Amino acid sequence: MKEKLNIAIVGATGAVGRIIIELLESRQFPVNQLTLLASANSAGESLSFAGKAIIVQPLETFDFKGYDLAFFTAGSQVSAQYASRAVDTQCVVIDNTSYFRNEEDVPLVIPEVNGEEINRYQDNYIIANPNCSTIQMLLALAPIHKAVGIERINVATYQSVSGAGQKGIDELALQTRSLLNFKPLQQHVFSGQIAFNVLPHIDDFQDNGYTREEMKMVWETQKILDDRSIQVNPTCVRVPVFYGHSEAVHIETRDKITAQQARQLLTNADGIEIVDDPAKLSYPSPAITAAGNDAVYVGRIREDISYPKGLNMWIVSDNIRKGAALNSVQIAELLIKKL
């Protein structure tokens, strides 16, 4: 076990990369050397870590030899092209993209749910971070699945524009400003107007009529819970919110569980906070409850009035933090004793 690790962050100037830097410092991760990497266009920018300015280096010419961990947050094409370069030096890649998630020999990890999977890291020195929507949903559902089993999940997501990166944030801001000033809209990132609108379309449509974002929730749920029998029926929607994804989740369980029993299970679960008091109009929302915070928030827990073994809940989390950066850093924290 090393006392301190040499770490590289690929995509350091992006939204997720910047939060990883913040979390490594605030959680006092044992960093020996931190190297920040980005495309040649972003190289030269200066970012702060532990009171010091670090100059961002170009990924294209970087040698990972001597590094213990590399966080990849720059998109699937970058991971496809450069992750092998890190792996060849036995630098463990924690990949925040979808590129490796469906590979059978790559662990797909939510530390609170299936943290033991990191023991397989030496299979190929890659650990995949799940999709943000999958992470927050399964953090809430895993304790219930363990207790009574889940047969079917119906989920509708309400996903913030930060899920599309800084360009998505900028597009919502610019479109909102244009509409309020009676100016024409510019549209580059999303398939249609996102300001004051919702779009039932995230990622590419597949042959079955679902989008790839929706199919990620199917594939990843079955892999993480190690149960291919679970049926998942998702609809993923982009909404005009800057940070924080919300989900209306309806599950059918193998054995009956009451709302109160589920609430107690989740109260005792790591990473979950219950915000559920209808009498006080208390329920989680992305902007007020989740944005900038690390927990997954659950409310509106109630029994399904249309199905005897059904349960409904509302799940909210900051997609950039627990949905990406925090989950990656938690994976790294589990790895510390093994490197």
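Rules behind the numbers
- Counting starts from 1 at the beginning of each chain's written sequence and moves along it residue by residue.
- Owing to the predicted nature of the model, reporting of local features is limited to residues with pLDDT of at least 70; listing and counting of side-chain atom pairs is limited to 80 or more, with chain, interface and lining totals taken over all residues.
- Side-chain descriptors were evaluated using all non-hydrogen atoms of the structure, hydrogens and water having been removed beforehand.
- Only DSSP runs of H or I reaching four residues or more are called helices, and only runs of E reaching two or more are called strands; each is numbered from the N terminus.
- Expected span, for any helix, means 1.5 Å times one less than how many residues it has.
- Buried residues are those whose accessible area, probed at 1.4 Å on protein chains only, stays under 20% of the maximum for their type, while exposed residues exceed 50% and partly exposed ones sit between those limits.
- We call two strands paired when DSSP finds no fewer than two bridges between them.
- With the strands pointing away from the viewer, any crossover whose connection runs clockwise from the first strand over the helix to the second is right-handed.
- Ring pairs are drawn from Phe, Tyr and Trp, using the six-membered ring of Trp, whenever the two centres fall within 6.5 Å, and their geometry is named by plane angle: stacked under 30 degrees, edge-to-face over 60, tilted for the rest.

## Looking at helix α5 (residues 166-180)
With 15 residues, α5 extends 21 Å from end C-alpha to end C-alpha; this agrees with the ideal 21 Å at 1.5 Å per step. Regarding α5, the residues found buried are G168, I169, E171, L172, Q175 and S178. At the exit of α5 stands F182, carrying a positive phi of roughly 55°.

## Considering the pairing of strand β6 (residues 69-72)
Residues L69 and F71 line one face of β6 and the alternating positions A70 and F72 line the opposite face, and both faces are buried. The pairing of strand β1 (residues 5-10) with β6 spans four bridges and is parallel. What sits directly across from I7, in β6, is L69. Summarising the sheet, β6 and strand β7 (residues 92-95) pair through four bridges and their orientation is parallel. Within β7, the position partnered with F71 by the bridge is I94. Running through helix α2 (residues 76-87), the crossover from β6 to the neighbouring parallel element β7 is right-handed.

## A short note on the packing of aromatic side chains
Enumeration according to the criterion identifies six aromatic pairs in this entry. With 5.8 Å between their ring centres and 90° between their planes, Y121 and Y125 make a pair best called edge-to-face. Each of the two residues, Y121 as well as Y125, counts as buried. Three or more aromatic residues joined by ring pairs make a cluster, and in this case those are F62, F64, Y67 and F72.

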